[in-house]
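# Residue-level structural notes
Here is what each chain is made of, one letter per residue.
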Amino acid sequence: MKTFLLSIMALISVSAFSCTNVIVGKKASADGSVIVSYNADSYGMYGNLYRHIGGTHQKGEMRKVYDWDTNKFLGEIPQAERTYNVVGQMNENQVSITETTFGGREELADSTGLIDYGSLIYITLERATSARNAIDIMTSLVAQHGYYSEGETFSICDKNEAWIMEMVGKGAGSKGAVWVAIRIPDDCVCAHANQSRITRFNMKDKQNVIYSEDVVKFAREKGYFTSKNDADFSFRDAFAPNDFGAVRYCEARAWSVFNRLCDGMDKYVEYAKGNTISSADKDAIREMPLCMKPKRPVTLEDVMGCMRDHYEGTPFDIQNEIGTGAYNMPYRPTPLSFEVDGKQYFNERPISTQQTSFCFIGQMRSQYPDYLGGVVWFTNDDPNMAPFVPIYCGVSEVPKCFQRNEGVQDDVTFSWESAFWLQNTVSNMVYPYYDKMFPDLLRYRKYIEDIYVESESDIVDLLITKIYQTSGKDETIKKSTEYCLMASDSMMKKWNELFKFLVVKHNDMAVKKTDYRDRFLKTPHGYAEAPQRPGYPEAFRKKIIEESGEKYMIK
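Now for a look at the structure at hand. (Residues numbered from 1 in each chain as written. Predicted model: local features only at pLDDT ≥ 70, side-chain atom pairs only at ≥ 80, totals over all residues. Heavy atoms only, no water.)

### Observations regarding the overall build of the protein
Note the cut-off: Each helix is a run of H or I in the DSSP string that is no shorter than four residues. Each strand is a run of E no shorter than two, and both are numbered from the N terminus. Radius of gyration means the value over C-alpha atoms here, while the globule rule gives 2.2 Å times the residue count to the 0.38 power. The cut-offs for exposure are 20% and 50% of the maximum accessible area for each residue type, with area from a 1.4 Å probe on protein chains only; residues under the lower value are buried, those over the upper are exposed, and the others partly exposed. Two residues qualify as a contact provided that any one of their heavy atoms is within 4.5 Å of a heavy atom in the partner residue. Each accessible area is a Shrake-Rupley result for a 1.4 Å probe, and residues are judged covered by the shown protein chains and nothing else. In this charge count, Lys and Arg are treated as positive and Asp and Glu as negative; neither His nor the chain ends contribute. Charge positions come from single atoms, namely NZ of Lys, CZ of Arg, CG of Asp or CD of Glu.
Across its full length, the protein carries 13 helices and 21 strands. A globule of 555 residues ought to have a C-alpha radius of gyration of about 24 Å, and the protein, at 25 Å, matches this closely. When each of the 555 residues of the protein is scored for burial, the buried share is 56%. Taking contacts inside the protein between residues at least 6 apart in sequence as the whole, the part at least 24 apart equals 70%. Accessible surface computed for the protein: about 24600 Å², of which carbon and sulfur atoms make up 51%. Side-chain charges of the protein comprise 65 positive and 75 negative groups, with the mean position of each set lying 2 Å from the other.

As structure tokens, this is what we get:
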């Protein structure tokens, strides 16, 4: 029991910034694109679309570094001579970098380091020309300036390659980090969610595996790895050993991604439940593959579905239980664990969660020019509750609704012009009445998203054949920017319309009648038709009677 409680508490310490990534190789995707996704989960974090305008810089110019999680000023580093435009997690060269925090051994965090994980991502995006180049930049930055954060798993992708890299510091007074980067095969998918996923790796495969020279030596010096055979070395086992929390809350999310996209995941259910961690059975499964081949080509919509996952139809499904409330809400309040009568219990932690600050899906395509080939599919809040909007990586401007503006629209300043606040307003209205209201939200979400997804390739072809060939690159970027601004504005107007529709239709827990076009039905005299009063769903009514007995029986 003590080990279980320690596992729970250890997980709570990192859960404030717990995220999920999906990686799809170019031969595993349906359209030949490399795809990477990122649910950035954090209570209180205002989800804005990061923007850097690239250019040339003078020798001696410095770049300030602020910790992404806290905004604490960490120091300055020399600016690169050349930087590139960045939109969200992607730069103009179609390089994308995302992350999940696994924490790892507490003694390896270095509070004297200058580069935190968030700054490491964005500084690298400002400088990188490819995924391999990004790995070189990231590892060089922490070697030179020190690594400030806990253990991280990074997804690093471009239009041709997808990589996963894991990094952990060396502790106070030891500048730098140890790390391993592995290329995901083009025909495979990968997922990670706040637990280290790299175990043993082929140290002789110099083309597809890159690692710090001292990664094994350092683990031995610290006593994390005792075998004399380097081939036995496991990065995860040395620096972030599995425990119940790491598996049930984190690896289970990776399992759910694989379960959606790949065959044969039933054999890993007991592992994902955390049941095999301390099993005496020597044949018990204690890890999942780092990557797998999908059962069919993966579409952009498949990845969107992964980011909206609540374990539906699996042994981890959290619906149709008392915790869902009267209207079957697939969300649970935090913290992850709770106590009843001196005993500890936990809530399931699915991919789709209410504390998502923003969700990014990067689509990188080699068949188009970089500034149009890279698409940032972006939404604020839990992606289950909001539509993705396309933004090309080469745009000259990002939509104002996705920006953070201190004192105007930020983490403590509400604005109807902010996508974050508008989408959270709608979500928080729907959550407690999920089964009742979500079908309306879903129709709106699908309507918006289907238009963007289905027309995107036509938009690109039009921009290339009609604009680029007649007016050149600058005019093409201008028109693509206008399209993305229009798409974002259209989403905001439609979501505002949804908010008003939900307020009117579901006012006072009754339901006003509508026609197939969402127009409210009126009597011949011009008033709204009498609303339906469905009351609690039957299943919940039965639970009320089970608890109250004959207290409310009409006699």
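Having seen the model, we can carry on.
### Looking at the sheet that holds strand S19 (residues 356-364)
How we decide: Here a strand pair is declared whenever DSSP counts at least two bridges between the two strands. Axis angles are defined between N-to-C directions and span 0 to 180 degrees, where every axis is a line fitted to C-alpha atoms and, for a helix, only to the segment in contact.
Judged by pairing direction, the sheet is antiparallel, and its seven strands sit side by side in the order S16-S14-S1-S2-S19-S20-S21 without closing on themselves. The sheet is open, and its two edges are formed by strand S16 (291-292) and strand S21 (389-392), each paired on a single side. Here helix H11 (residues 434-471) sits on the sheet and contacts strand S20 (375-380) and S21; the angle it forms with S21, its principal contact strand, is near 25°.

### Some words on the packing of aromatic side chains
Using the following cut-off: Paired rings are identified among Phe, Tyr and Trp, the last through its six-membered ring, by centres lying within 6.5 Å, and are further divided according to the angle between planes into stacked (under 30 degrees), edge-to-face (over 60) and tilted (the rest). Whether a charge lies above a ring is judged from NZ of Lys or CZ of Arg, which has to be within 6 Å of the ring centre and within 35 degrees of the ring normal.
Enumeration over the complete set of coordinates arrives at 32 aromatic pairs. The interplanar angle of 25° and the centroid separation of 4.0 Å between the aromatic rings of Tyr50 and Tyr122 together place this pair among those described as stacked. Separated by 72 residues along the polypeptide, Tyr50 in the loop between strand S2 (34-41) and strand S3 (51-52) and Tyr122 in helix H2 (residues 117-125) bring together distant segments of the chain. Judged by relative accessible area, Tyr122 falls into the buried class, the value being 7%. Aromatic side chains Phe201 and Phe233 sit 6.1 Å apart centroid to centroid with 85° between the ring planes, which places their arrangement in the edge-to-face category. A residue pair is termed long-range when its members are at least 10 positions apart, and Phe201 in the loop between strand S14 (189-192) and strand S15 (209-211) and Phe233 in the loop between helix H4 (215-222) and helix H5 (235-239) qualify at 32 residues. When sorted by exposure, Phe201 lands in the same class as Phe233, which is buried. Taken together through their ring pairs, the aromatic side chains of Phe201, Tyr211, Phe218, Tyr224, Phe225, Phe233, Phe235 and Phe239 make up a single cluster. Lying across the ring of Tyr224, Arg105 places its NZ or CZ 4.0 Å from the centre.

### Here we look at the nonpolar core
Nonpolar side chains in soluble globular proteins tend to be buried together. To keep things clear, this is the line we draw: Buried residues of nine kinds, namely Ala, Val, Leu, Ile, Met, Phe, Trp, Tyr and Cys, make up a nonpolar core once their side-chain atoms join them within 4.5 Å.
Core analysis: the largest hydrophobic core is formed by 122 residues, its most contacted members being Phe233, Phe239 and Tyr392. With 13 residues, H11 is the largest single contributor of residues to this core. What Phe239 contacts, discounting residues up to four positions off in sequence, is Gly104, Arg105, Leu108, Val168, Val178, Val215, Phe218, Ala219, Tyr224 and Phe233. Of all hydrophobic cores here, the second largest spans 33 residues; its members include Tyr122, Ala128, Ile135 and Met138.

### Here we look at the packing of helix H10 (residues 419-430) against helix H12 (residues 473-505)
We count it as follows: Working definition: roughly parallel below 35 degrees, roughly antiparallel above 145 degrees, roughly perpendicular at 65 to 115 degrees, and oblique for all remaining angles. Crossing handedness: left-handed means the near helix sits turned counterclockwise from the far one by under a right angle, and right-handed means the same turn made clockwise. By the convention adopted, Pro, Cys, Tyr, Trp, Phe, Met, Ile, Leu, Val and Ala count as nonpolar, Lys, Arg, Asp and Glu as charged, and the other residues, Gly among them, as polar.
Running from N to C, H10 and H12 cross one another at 30°; their axes reach a closest spacing of 10 Å. With respect to each other, H10 and H12 are oriented roughly parallel. In this structure, H10 meets H12 at a crossing whose hand is left-handed. Between H10 and H12, the contacting residues are Ala419, Leu422, Gln423, Thr425, Val426, Met429 and Val430 on the first element and Met491, Met492, Trp495, Asn496, Leu498, Phe499, Leu502 and Val503 on the second. Within the contact of H10 with H12, the residues separate by chemical class into twelve nonpolar, three polar and no charged.

### Some points on the pairing of S2
The element S2 is largely enclosed, with a buried count of eight among its eight residues. Burial of S2 is two-sided: the residues Val34, Val36, Tyr38 and Ala40 facing one way and the residues Ile35, Ser37, Asn39 and Asp41 facing the other way are all buried. As paired strands, strand S1 (residues 20-24) and S2 are joined by five bridges and run antiparallel to one another. Looking at S2, one finds that Asn21 is bridged to Tyr38. Pairing of S2 with S19 involves eight bridges; the strand directions are antiparallel.

### Regarding the pairing of strand S6 (residues 73-78)
Summarising the sheet, strand S5 (residues 62-66) and S6 pair through five bridges and their orientation is antiparallel. Paired with Tyr66 across the strands is Phe73, a residue of S6. Hairpin connection of S5 to S6: six residues between the antiparallel strands, including Asn71 at a positive phi of 70°.

### Describing a nonpolar patch on the surface
Our working definition: Two joining distances apply to patches: 9 Å for like charges and 5 Å for nonpolar side chains (Val, Leu, Ile, Met, Phe, Trp, Tyr), and every residue must have over 30% relative accessible area and no salt bridge. Salt bridge, as applied in this entry: a Lys or Arg side-chain nitrogen positioned within 4 Å of an Asp or Glu carboxyl oxygen.
There is a patch of nonpolar side chains on the surface, built from Phe338, Val340 and Tyr345 and spanning about 250 Å² of accessible area. Following the sequence through the fold, Phe338 ends up in strand S17 (residues 337-340).

Interpretation note: all reported values are geometric properties and have no functional meaning in isolation.
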